[in-house]
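Read off the chains here:
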Amino acid sequence: MIRLEHVSKTYKTSTRPALDNVSVEVDKGEFVFLIGPSGSGKSTFLRLLLREEVPTKGDVYVADWNVGKLARRRVPQLRQRVGCVFQDFRLLTNKTVAENVAFALEVIGKPRHTIRKVVPEVLDMVGLDGKSERMPHELSGGEQQRVAMARAFVNRPLLLLADEPTGNLDPDISEDVMLLLERINRTGTTVLMATHNHSIVDSMRRRVVELQLGQLVRDDSRGVYGVGR
Amino acid sequence: MRASFVFSEVVTGLRRNVTMTVAMILTTAISLGLLGGGLLVITTIDQMKQLYYDRVEVAVFLTEDISANDPRCTGNTCADLRAELEAASGVESVVYESREEAFQRFQQIFEAQPELRELARPEALPASFRVQLTNPERFEVIAQEFSGRPGVDRIADQGAYLEELFQTLTGLRNATFAVALVQALAALLLISNAIQVSAFTRRTEVGIMRLVGASRWYTQLPFLIEAIVAGVVGGLLAVAGLVTAKVAFIDRVLAGVFEAGIVPRIGYADIAFVSPILLLVGAGIATVTGYVTLRLYVRT
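Residues numbered from 1 in each chain as written. Chains lettered and ligands numbered in written order. Predicted model: local features only at pLDDT ≥ 70, side-chain atom pairs only at ≥ 80, totals over all residues. Heavy atoms only, no water.

Moving on, we come to the sheet that holds strand E4 (residues 152-157) of chain B. Residue and element names in this part refer to chain B. Pairing is antiparallel in the open sheet, where 4 strands are placed in the order E2-E3-E1-E4. Two strands in the sheet have a free side with no partner beyond their single neighbour: strand E2 (91-97) and E4. The average angle at which neighbouring strand axes cross in this sheet is 20 degrees, direction not considered. Here 6 bridges tie E2 to strand E3 (residues 128-133), and the two strands are oriented antiparallel to one another. The residue of E3 that forms the bridge with Glu 97 is Ser 128. (Pairing = 2+ DSSP bridges. Helix = DSSP H or I, 4+ residues; strand = E, 2+ residues; numbered from the N terminus. Axes fitted to C-alpha atoms, helices over the stretch in contact; angles between N-to-C directions.)

So, on to the pairing of strand E3 (residues 31-35) of chain A. All names here are of chain A. Of all 5 residues that make up E3, 5 are buried, and the element is covered over most of its length. Taking every second residue as pointing to the same face, both faces of E3 are buried, with Phe 31, Phe 33 and Ile 35 on one and Val 32 and Leu 34 on the other. The sheet contact formed by E3 and strand E8 (residues 190-195) spans 5 bridges and is parallel. Each residue of the ladder has a partner; that of Phe 31, found in E8, is Val 191. (Buried < 20%, exposed > 50% of the residue type's maximum accessible area, 1.4 Å probe, protein only.)

Let us look at the packing of helix H3 (residues 97-107) of chain A against helix H4 (residues 112-125) of chain A. Residue and element names in this part refer to chain A. At a minimum axis distance of 10 Å, the contact between H3 and H4 shows a crossing angle of 125 degrees. What the angle tells us is that H3 and H4 run oblique. For the pair H3 and H4, the sense of crossing is right-handed. In contact with Val 97, Ala 98, Val 101, Ala 102, Leu 105 and Glu 106 of H3, H4 contributes Ile 115, Val 118, Val 119 and Leu 123. (Parallel < 35°, antiparallel > 145°, perpendicular 65-115°, else oblique. Left-handed = near helix turned anticlockwise from the far one by under 90°. Contact = heavy atoms within 4.5 Å.)

This is the structure in structure tokens:
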């Protein structure tokens, strides 16, 4: 599903590479934590997968796409098959909950009757069935994150990227979000989650990929966050 | 869904930068209004040319000798001249006007100015041949052939006066176009600027849309349509301006000239003919400017 081959990324403003010769492979249906301190390259890793950045060296593959070499006009096709969730939710503030979720379907040109059917189903799945007409600012952080997850999942993406999805949330609400991510993973969607959250990583016992200063330093198939951190 | 999405984005965009939108529309309107004015001057010139060149005559003024002594053009010199003029190629008709007839015509023309009529004496006016040409441009040939001939004093072409008039009008048209061009440049820069501001204020939203997989076209279409709406509204205002100018200004100030048939009236039909051109040019400029701006300056 994901394959990085000797990937390096150096930003123009920095002398040290954000990612330094990273090679890693993630299979279809896996649930993987991407951990590491701030500045270790986690965000760069995710941005490369979404083609928000292009690698300086090496190749990045998502499904059958060579992401770094993808023609610009084909980037939307990639993003339509890759869902993403962020620490700051990134909802469209002038649209209702239902419209936010519907937007992901409109963009790919799904017919209106499909949208009317699918949106309530997904909102129901994330537990927001009664709040479809609310505006994002009327919701709690946990609810907003669930809207974002509904939006990311509504297309049944091949891959779901989550960048610190629990970073702004209380522990018990974080747990809800993790349960939801697991549910999404069980439908066959590959999940890659970048996080700082020790307890979540430790309790889930899933594959852990650790970055430090841009280098891959650990890849455990059933890992914990790490000793002494 | 798509149409409603684009529509709501356009409305939001135009409302968010009201002052910019107004500036953009007004400059476009002024530019297009001037362009329209220039186009109307062109149609007027064309109509005037048709109107006048049909009536234009070449006047072959005769010498004092003939004017005084041959009121019926029966003498050899005069009759020969007439025959030759009639035979010349490109001549439609030749009418002899004696000194007495010229004087009567003068009295008629200056009916309103008795002082001038008092001053005029028949002896001051020469007899002449009024020559109608089938093609006004043949004047040079006639002038060359007949000037200096016995009995001919000088040859005057009314067309030359018209030419001067038309040159003035053409100059007026060119000046209008020049100002229109400068205004168009200002409108262009404003449109480009407005789009950039629009795109900048909505960059977060657009970023999110792009992350969900919206194509560049999908996110940028609203910006482009904003510009086109401004262009078309500017065009409509320009048309309204032309109609207002006609009713409130041209029809009043030039009423006498129109009545006398000296200048053909600028009708609603003329404005109706120019209007679609203005709308198309407005929309066209906005589209091209918008497209180029989005390609060059708006990356997300």
